[in-house]
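Fold and contact review
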Amino acid sequence: MTIHNTDLVIVGAGPAGLFSIFEAGMLKIKAHVVDTLEVIGGQCSALYPEKPIYDIPAHPKVGASELIELLEAQAAPFAPTYHLNQRVDKFTKNADGSFTVVTSKNTQINCKAVIIAAGCGAFGPNRPPLEGIEEYEGKSVFYAVRSKAEFVGKNVVIAGGGDSAVDWALSLAEISNKVYVVHRRDKFRCAPESADKMKALVAEGKIELVIPYQLDGLEGNDGKLSAVLVKDFDGNVKKLEADYLLPFFGLAMELGPIADWGLSLHKNHIEVLDSSTMRTSIEGIYAIGDIATYKNKLKLIL
Ligand SMILES: Cc1cc2nc3c(=O)[nH]c(=O)nc-3n(C[C@H](O)[C@H](O)[C@H](O)COP(=O)(O)OP(=O)(O)OC[C@H]3O[C@@H](n4cnc5c(N)ncnc54)[C@H](O)[C@@H]3O)c2cc1C
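Residues numbered from 1 in each chain as written. Predicted model: local features only at pLDDT ≥ 70, side-chain atom pairs only at ≥ 80, totals over all residues. Heavy atoms only, no water.

**Examining the state of the cysteines**
Inspection of every chain in the model, using the stated rule, returns 0 disulfides. Free cysteine Cys-44: the closest other cysteine sulfur is in Cys-120, separated by 11 Å. For Cys-44, a relative accessible area of 1% gives the class buried. (Disulfide = S-S within 2.5 Å. Buried < 20%, exposed > 50% of the residue type's maximum accessible area, 1.4 Å probe, protein only.)

**Digging into the site of the ligand**
As a matter of local geometry, the ligand sits amid 33 residues, with Asp-35, Thr-36, Gln-43, Tyr-48 and Val-88 nearest to it. Here Thr-36 contributes a side-chain N or O atom positioned 2.8 Å from an oxygen atom of the ligand. Note that an oxygen atom of the ligand is positioned 3.0 Å from one of the side-chain N or O atoms of Lys-51. Here the ligand, which alone exposes 1,000 Å², has 88% of that area covered by the protein. Residue assignment for the shell around the ligand shows that the elements contributing at least two residues are α1 (15-26), α2 (42-46) and β11 (122-125). (Near = heavy atom within 4 Å. Polar contact = N/O pair within 3.5 Å; in protein donor to acceptor, adjacent residues only side chain to side chain. Areas by Shrake-Rupley, 256 points an atom, 1.4 Å probe, with all protein chains shown as cover. Helix = DSSP H or I, 4+ residues; strand = E, 2+ residues; numbered from the N terminus.)

**Some words on the pattern of salt bridges**
In this structure the tally under the stated criterion is 7 salt bridges. In this structure, Arg-87 and Asp-89 form a salt bridge, with 2.8 Å as the shortest nitrogen-oxygen distance. Taking the shortest distance from any N to any O, the salt bridge between Arg-127 and Glu-137 comes out at 2.8 Å. Here Arg-127 is found in the loop between β11 and α4 (133-136), whereas its partner Glu-137 is found in the loop between α4 and β12 (155-159), with 10 residues between them in sequence. With relative accessibility at 42%, the residue Arg-127 sits in the partly exposed group. (Salt bridge = Lys/Arg side-chain N within 4 Å of Asp/Glu carboxyl O.)

Structure representation (structure tokens):
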């Protein structure tokens, strides 16, 4: 277990959580931020990174991912610590009024106050039900691509049939040694233009389609993958030599453990008792952004 001590824990690195790092920093409050996603930005990064946003003051038009980059830059001078790819599972309130927050990766953060900026709940990738996959996650199995450089000259298995799977197959085919696309149907749910491009790369031998197959198992050691096993509907198993597996099966969203934290809730949202302080029913815990509800509340970034 890793243990940290700080002033404030912010649950959720969406736009509300990110801006609160800045506001806390101005008050000399140090913050640690936890998010289940591998990237910061909440809904902006996960659901609509390329959509323009028109209702942010002083920005007649700003792309969602650009807005997140700006929020990150605005928070950076206050040196926040991000704990990504992990969910805040529980917290305890200590006798002196401080809190101990524990994440799904056994990170423990001791703090004086907690801001819950959890949006509509924890986002998380839909994980394929493969035995022992946790050992490989973050090392050879990724649910998002942060740096393409890692895949240069490697064998990559991409699983899924949507835009993310196809777009990354197209992009990584340029730099990887081999890209396999595993999908259980021969139809892909992607832009027709991308489907055509993929067909061309298949013809050139840069992408190999493995259809109709489903993921069946992983082989490797100490988190380092050597092969991905796939199975067809007749139970025939095939072994794909692989350095990386990228499953793109969409995102799941759930209120998760927040529902059990003893906070006063209204229709799956945290009740804010006083919108001038955003305090909740537990002293020292505040709720902001989409997760918070109070009179005349709007679910918008501003
Ligand atoms: C398609 C679409 C378009 C939109 N367009 C606009 C627009 O143009 N303008 C506008 O103002 N708004 C828009 N919105 C709404 C806007 O995106 C939300 O109001 C905003 O993202 C809310 O920010 P937030 O920080 O409260 O929550 P979120 O962005 O939802 O972020 C919450 C984060 O908390 C994390 N989290 C939750 N529970 C836990 C936990 N237990 N542990 C760790 N992490 C946790 C989640 O993984 C998530 O990353 C749009 C929404 C959608 C879906």
